[in-house]
Amino acid sequence: MILAHLAFRSVLRQRRRSLLTVAVLATGFLALALAGGFAQQTFQGLAEGAIRGGLGHVQILNPAALSGDEAQSLEHGLPEGEVLAERLRRDPAVAEALPRIAFMGLLTEGARSVAFLGTGVDPEREARHMASLDQVADGAQAPGGAGSRWLSADPDAREVVLGTGLAASLKASVGSLLTLMATTRDGALNAVDVEVVGLQDLGLKELNDRSLAVSLATAAQLVEAGPARSQISVVLKRPEAAAAEAPRLAALAGKEAAALPWFERASFYRQVKLLYLAIFGFMGLVLALVVLLATANTLLMSVMERVRELGTLRALGLRPGQLLALLQWEGALLGLAGSAAGLALTLLLRAGLNALHLQLPPPPGTSHGYELNIHFVPMVYLVSFLGLQLVVQLSALAPGLKAARLRITDALRHV
């Protein structure tokens, strides 16, 4: 404890230099913590968008669907998809199983035709567990004043919800009558007349330009699906258990089906996460270099100004290893003070920025922005603290070794 006391007094004696070093450390902690909180907001938003956008927590599908495109509708589907969905709903870990039919074809209004990517869903279950209602576009009014809405639960209703871009390309609005054309499971061409009941904004321009949603009954009639389904999106009671539950649900689904957790199907989420981690790592290295140089400079100047003092300590019996430990203590105290100041600044700035409700511009490829909400991530704070302490201890090595090599006679004669 004597060394700690001496280090504390030395840090206080060099107030200006110590404050500058603490400011550098606090700034580094602030940058790392805020970047980590922003990254966590992005990751959570992407995860929620992928899960509630249709993937669910676990997706059940035919393994063949992972290796190639379908030449015709449901070529790589689940032959008994509806039966499997009922079996999954009885599992105690499953909150809901949402069978889906994916198909493509032409959407026609009069002389205009546009290619589309369609999804057949259970309207009622989809609205309870997915973001369908949130995606319905506001302000799209049909002739006569009927507003944009989601699909009804009536299995006999022939309704469609169009992506906003797809509706614009056809000049269609709520109330328009369109024709869906697609190939059946046998390769024949089939058509169904539908009424536009809503427009939806899926967040990505490419999806808005091509996507539409219909009820399972309408999709099954169009492609003559019978009980077959393209995939089943499983919603779990414990979302964090997706990776652990996937193998068990795969066994429950049978040999002809695979079960994948949502993050293995969300390629955009994985790519963005890797990009952010690379940026975060590079920024951390730059900050570590700045902190290393600043702290090493402070401690080295402290050693140069205290040569006679260090020589006196050696003459009083302090060993070279203890001088090295003394400089390590000084670095540790600076790191602790810098991290504490950085933590206080981070919490204040985070609260202030979140209170402003700042709207960020839309990321590339998306159709709308989002509100800045920097998350509080204890693990990021802990890693930032430990990382800064490690860098400070490394920066104290060179000054500490220089102090340990001092000869008593030379140090006492130093002017």
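Residues numbered from 1 in each chain as written. Predicted model: local features only at pLDDT ≥ 70, side-chain atom pairs only at ≥ 80, totals over all residues. Heavy atoms only, no water.

1. Things to note about unusual backbone geometry
Consideration 1: The phi dihedral of E224 falls on the positive side, at around 55 degrees, and the residue is not glycine.
Consideration 2: Looking at the secondary structure, you find E224 in the loop between α8 (216–223) and β8 (231–236).
Consideration 3: Despite not being glycine, H357 shows a phi value in the positive range, around 55 degrees.
Consideration 4: Positionally, H357 belongs in the loop between α13 (320–356) and β10 (359–360). (Helix = DSSP H or I, 4+ residues; strand = E, 2+ residues; numbered from the N terminus.)

2. Some details on the packing of aromatic side chains
Consideration 1: Tallied over the entire structure, the rule returns seven aromatic pairs.
Consideration 2: Summarising the aromatic geometry, the rings of F376 and Y381 are spaced 5.0 Å apart at their centres and angled 70 degrees between planes, so their arrangement reads as edge-to-face.
Consideration 3: The exposure class of F376 is partly exposed, given its relative accessible area of 45%.
Consideration 4: Here Y381 falls in the buried class, since its relative accessible area comes to 8%.
Consideration 5: Grouping aromatic residues by their ring pairs yields a cluster made of F29, F376 and Y381.
Consideration 6: We note K273 situated over the ring of F43; from NZ or CZ to the ring centre the distance is 5.6 Å. (Phe/Tyr/Trp six-rings, centres within 6.5 Å; stacked < 30°, edge-to-face > 60°. Buried < 20%, exposed > 50% of the residue type's maximum accessible area, 1.4 Å probe, protein only. Lys NZ or Arg CZ within 6 Å of the ring centre and 35° of its normal.)

3. What to know about the environment of E264
Consideration 1: With respect to the secondary-structure elements, E264 resides in helix α10 (residues 262–265).
Consideration 2: For the pair E264 and L178, spaced 86 residues apart in the sequence, the C-alpha separation amounts to 36 Å.

4. With respect to the pairing of strand β5 (residues 177–183)
Consideration 1: Of the two faces of β5, the one holding L178, L180 and A182 is buried and the one holding L177, T179, M181 and T183 is not buried anywhere.
Consideration 2: Relative to β5, strand β2 (residues 94–109) is paired through four bridges, and the arrangement is antiparallel. The residue bridging G105 from the neighbouring strand is A182, located in β5.
Consideration 3: Count of turn residues in the β5/strand β6 (residues 189–200) antiparallel hairpin: five residues, of which G187 carries a positive phi of about 90 degrees. (Pairing = 2+ DSSP bridges.)

5. Overview of the side chain of R89
Consideration 1: Relative to the helices and strands, R89 is located in helix α3 (residues 81–89).
Consideration 2: Residue class for R89 comes out buried when judged on its relative accessible area of 17%.
Consideration 3: At 2.8 Å, the side chain of R89 forms a polar contact with the side chain of E96.
Consideration 4: Leaving out residues up to four positions away in the same chain, R89 has contacts with V94, E96, A97, P99 and R125. (Polar contact = N/O pair within 3.5 Å; in protein donor to acceptor, adjacent residues only side chain to side chain. Contact = heavy atoms within 4.5 Å.)

6. Describing α3
Consideration 1: Residues of α3 that are buried: G81, L84, A85, L88 and R89. Projected down its long axis, α3 shows its buried positions confined to an angular sector of 140 degrees, all on one face.
Consideration 2: Where the residues of α3 are buried, they touch β1 (58–61), β2, α4 (123–129), β8 and α9 (242–253). (Arc of directions from axis to C-beta.)

7. A closer look at the pairing of β6
Consideration 1: The pairing of strand β4 (residues 159–163) with β6 spans five bridges and is classified as parallel. When the sheet's bridge partners are listed, L162 is paired in β6 with L199.
Consideration 2: In this sheet, β6 lies alongside β5 in antiparallel orientation, the contact comprising seven bridges. For L178, the partnering residue across the bridge sits in β6 and is V194.

8. Some remarks on the confidence of the model for the chain
Consideration 1: Looking at the chain, pLDDT values average 85 and 90% of them are 70 or higher.
Consideration 2: In this model, residues 139–145 is a region of pLDDT below 50 whose contacts with residues beyond four sequence positions or in other chains number 13 contacts. (pLDDT = per-residue confidence, 0-100.)

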